[in-house]
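Here are the chains, one letter per residue:
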Amino acid sequence: MEIEAKYRVETTDLGIVATLQSLGVYRLDPAPAPEQQENVYYDTVDARLTTARYGLRVRRIGSRSLITLKGPAEVAADGVHRRSEFEFPGTNPQPSTWPAGVARELALALTGGATLVPTVTITTQRQVLYAQREGVPVAEICLDHGMLGVGAYEQPFSELEIELLSEGVHEDLVALASALSLHITLIPEPRTKLQRALELRAHA
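This report concerns the structure included in the present document.

Definitions and limits used
- Residues numbered from 1 in each chain as written.
- Predicted model: local features only at pLDDT ≥ 70, side-chain atom pairs only at ≥ 80, totals over all residues.
- Heavy atoms only, no water.
- Buried < 20%, exposed > 50% of the residue type's maximum accessible area, 1.4 Å probe, protein only.
- Helix = DSSP H or I, 4+ residues; strand = E, 2+ residues; numbered from the N terminus.
- Arc of directions from axis to C-beta.
- Contact = heavy atoms within 4.5 Å.
- Pairing = 2+ DSSP bridges.
- Phe/Tyr/Trp six-rings, centres within 6.5 Å; stacked < 30°, edge-to-face > 60°.

A few points about helix H1 (residues 11-18)
Listed as buried for H1 are Asp13, Leu14 and Val17. One side of H1 carries all its buried residues, which in axial view fall inside an arc of 110°. Looking at the buried positions of H1, the neighbouring elements they touch are strand E10 (117-133), strand E11 (136-150), strand E12 (153-164) and helix H4 (170-180).

Here's what the structure looks like:
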């Protein structure tokens, strides 16, 4: 289960957060270097995954590739998203090539075994800050900016995500967001990057 809060922010505000060493009782430890991500989303020609409110992507970071299947999100008014997530190393989005397991069977059921085609490309530069409470990492604060792309249409974005780690609880999300709001303006974002990219195509 993925639990995260998403916020629209100004690009300049990402720079402000990147310099912080703490937020209230939380110590912030930056990852060694930013990630350059290429995220390609896939669906059937008749959009079976989108219709079922699922998202399937292949994320490339340098020489590494991850396949991620995400389920429908429950989104609260404060921007907190909760959704099922399956993630594993791989480069081929076709579920028939995946290892046996729940993700493979679910994706095959959703797509009916139909061929998947690329629909959206999202390039992201991500800087990660690990929030620690009493020495225990409880959340990742992801500072993202990049480009949503659908065919010839592109739109820049900047956002901040607070994603709980295994030791984190909802109160950590609330406390971190509250502390961040003392430094920058946070606007809850109920839509995923994929949803915004698909809306870009619809309104193009």
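Further notes follow.
Remarks on helix H3 (residues 102-111)
Along H3, the residues classified as buried are Ala103, Ala107 and Thr111. Within H3, the buried residues cover an arc of 50° as seen down the axis, which keeps them to one side. Turned more than 90 degrees away from the buried face of H3, the exposed residues are Val102 and Ala109. In the core, the buried residues of H3 are packed alongside helix H2 (48-51), strand E6 (64-70) and strand E9 (85-89). Immediately downstream of H3, the backbone of Gly112 shows phi near 65°, a positive value.

Let's talk about the pairing of strand E3 (residues 26-30)
Bridge count for strand E2 (residues 22-23) against E3 is two bridges, and the pairing is antiparallel. Counterpart to Leu23 in the pairing with E3 is Tyr26. Remark: two residues form the turn of the hairpin made by E2 and E3, two consecutive strands paired antiparallel; Gly24 in that turn has positive phi of roughly 60°. Relative to E10, E3 runs antiparallel, the two being bridged by five bridges. Counterpart to Leu28 in the pairing with E10 is Ala131.

Brief notes about the packing of aromatic side chains
Using the criterion set out here, one finds one aromatic pair in the structure. Centroid distance Phe88 to Trp98: 5.2 Å. Interplanar angle 70°. Geometry classified as edge-to-face. Linking Phe88 in strand E9 with Trp98 in the loop between E9 and H3, this pair joins segments that are ten residues apart in sequence.

Geometric descriptors of this kind do not, in isolation, establish any biological role.
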